[in-house]
Amino acid sequence: MKSSIEIIKNIIKNWKLSRSLARNDFRMKFAGSYLGVVWAFIQPVVTVLVYWFVFQVGLRHGTVGQYPYVVYLIAGLMPWFFIADALSGGASAFTDYNYLVKQVVFNISILPFVKIVSAFYVHIFFALVTIIILALYGFPPDFYDLQIVYYMFCSFVLVLGLSYLFSSMVVFARDVKQIINIFVIQIGVWITPIMWDAQQMLSPKLQAVFKLNPFYYITEGYRDALLYKHFFWESRPRWTLYFWAITILLFIFGARVYKRSKPSFADLL
């Protein structure tokens, strides 16, 4: 618990520095390209268009319940793009900034936070694009949509805790980054689930198993806000308590692993 509180204090204390590093990290991803940071916004839009063409036009996948499939899909993809980008970046926070890790005077505890803020810039843009697309399909924004701010916070805290855990492990074994990309990100998009509706295709018992995945809470929460028009405290109070219990435990565990591993970082990097 002390490790978690210490990390939170460091983030607050170094807020301006973290924000500056996050903006620089965001720009550096596309340094040297003609379009620069524009590529960060093109990628999710193109991905959505590809999925739309494959499922809506090619496979003629009609609706999920009363919602067009592309609407259902984009509402789930929006948080998943952020989760995948933030987890991938957060896991490599210490290896990417190894020159800062070796500096004794630099507070390296902010580096995973920096990576997630960098990914969050694209998420905000994609959220606006999603709201516009839904409005064009006949789902205009309303008061329920404000809940995505809450679910953004949920995803940010969950990914932050996992990033401290994964980034500490990657320092000791670089293969962990590949394991995350394959088993957490690539497989995770199917077991969350994003592409298909668990409520229609699974029995109640299997749904309960899938709900153990905290990412499922977030993606369904976005759909609650944008499509189903449910408030989280009305439709899923117990699930909300479960999510925050898991998220806090993961954050505490990740902070603990980071604190115990930190003394070895400089030597290993």
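Residues numbered from 1 in each chain as written. Predicted model: local features only at pLDDT ≥ 70, side-chain atom pairs only at ≥ 80, totals over all residues. Heavy atoms only, no water.

A word on the nonpolar core. Counting 89 residues, the largest nonpolar core has F94, L111, Y217, I218 and L227 as its most contacted members. With residues near it in sequence (within four places) discarded, L227 still touches Y67, V71, Y72, A75, L134 and F139. (Core = buried A, V, L, I, M, F, W, Y, C linked by side-chain atoms within 4.5 Å. Buried < 20%, exposed > 50% of the residue type's maximum accessible area, 1.4 Å probe, protein only. Contact = heavy atoms within 4.5 Å.)

Bringing the pattern of salt bridges into the picture now. According to the stated counting rule, one finds five salt bridges in the structure shown. Close ionic contact of K115 with D25 constitutes a salt bridge, the shortest N to O distance being 3.0 Å. Here D25 lies in helix α2 (residues 15–28) and K115 lies in helix α7 (residues 111–136), a separation of 90 residues in the sequence. Owing to a relative accessible area of 8%, K115 belongs among the buried residues under this scheme. (Salt bridge = Lys/Arg side-chain N within 4 Å of Asp/Glu carboxyl O. Helix = DSSP H or I, 4+ residues; strand = E, 2+ residues; numbered from the N terminus.)

All right, on to the side chain of S109 then. Note on placement: S109 falls in the loop between α6 (98–101) and α7. Among the polar contacts listed, one links the side chain of S109 to the side chain of N10, at a separation of 3.2 Å. For S109, the side chain forms a polar contact with the side chain of N107, separated by 2.6 Å. Setting aside its immediate chain neighbours within four residues, S109 contacts I7, N10, Y164 and Y258. (Polar contact = N/O pair within 3.5 Å; in protein donor to acceptor, adjacent residues only side chain to side chain.)

What follows concerns the side chain of T240. Here T240 shows up in helix α15 (residues 237–268). Among residues more than four places away in sequence, those in contact with T240 are Y150, Y217 and F232.

Attention now goes to a nonpolar patch on the surface. On the surface, V46, V50, W52, F53, V54, I132, L136 and Y137 cluster together into a nonpolar patch covering about 770 Å² of accessible area. With respect to the helices and strands, V50 occurs in helix α3 (residues 38–58). With relative accessibility at 45%, the residue V50 sits in the partly exposed group. (Patch = residues over 30% accessible without salt bridge, like charges linked within 9 Å, V, L, I, M, F, W, Y side chains within 5 Å. Areas by Shrake-Rupley, 256 points an atom, 1.4 Å probe, with all protein chains shown as cover.)

Another aspect to go through is unusual backbone geometry. Following T192, the chain continues into P193 via a peptide bond in cis, with omega recorded as -10°. Even without a glycine there, the phi angle at K229 is positive, about 60°. The residue K229 is located in the loop between α13 (214–228) and α14 (232–235) in this model.

Glancing now at the packing of aromatic side chains. Inspection of the entire model under this criterion finds 33 aromatic pairs. Look at Y67 and Y228: their rings are 5.6 Å apart centre to centre, the planes differ by 50°, and that puts the pair in the tilted class. A residue pair is termed long-range when its members are at least 10 positions apart, and Y67 in strand β2 (residues 67–68) and Y228 in helix α13 qualify at 161 residues. Taken as a pair, Y67 and Y228 share a single burial class, namely buried. Taking 4.6 Å as the distance between ring centres and 20° as the angle between the ring planes, the aromatic pair formed by Y217 and F243 counts as stacked. In this pair, Y217 sits in helix α13 while F243 sits in helix α15, placing the two residues 26 residues apart along the sequence. Over the face of the ring belonging to W239 we find K211, whose NZ or CZ atom lies 4.9 Å from the ring centre. (Phe/Tyr/Trp six-rings, centres within 6.5 Å; stacked < 30°, edge-to-face > 60°. Lys NZ or Arg CZ within 6 Å of the ring centre and 35° of its normal.)

Moving on to the confidence of the model for the protein chain. For the protein chain, the mean per-residue pLDDT works out to 88, and 95% of the residues sit at or above 70. Highest mean pLDDT in the protein chain belongs to helix α8 (residues 147–172) (96); lowest belongs to strand β1 (residues 63–64) (72). (pLDDT = per-residue confidence, 0-100.)

In this section: the layout of surface pockets. Each pocket or cavity is described by its volume, and for the largest pocket that value is around 500 Å³. Elements with a minimum of two residues in the lining of the largest pocket: α3, α4 (69–91), α7 and α9 (175–186). In terms of residues, the lining of the largest pocket owes the most to one element, α4, which gives eight residues. Forming the boundary of the second largest pocket are 15 residues, of which S4, I8, V157, L160 and F251 lie nearest the centre. When contributions to the lining of the second largest pocket are tallied by element, the ones reaching two or more residues are α1 (2–13), α8 and α15. Per-element accounting of the lining of the second largest pocket gives the leading share, five residues, to α1. For the lining of the second largest pocket, the residue count by class is 14 nonpolar, one polar and no charged. (1 Å grid on protein atoms, 1.4 Å probe; cavity = no way out; pocket = protein on both sides within 12 Å on 5 of 7 lines; lining within 4 Å. Points joined across faces, edges and corners; volume = space filled by probe spheres on them. Nonpolar A, V, L, I, M, F, W, Y, C, P; charged D, E, K, R; others polar.)

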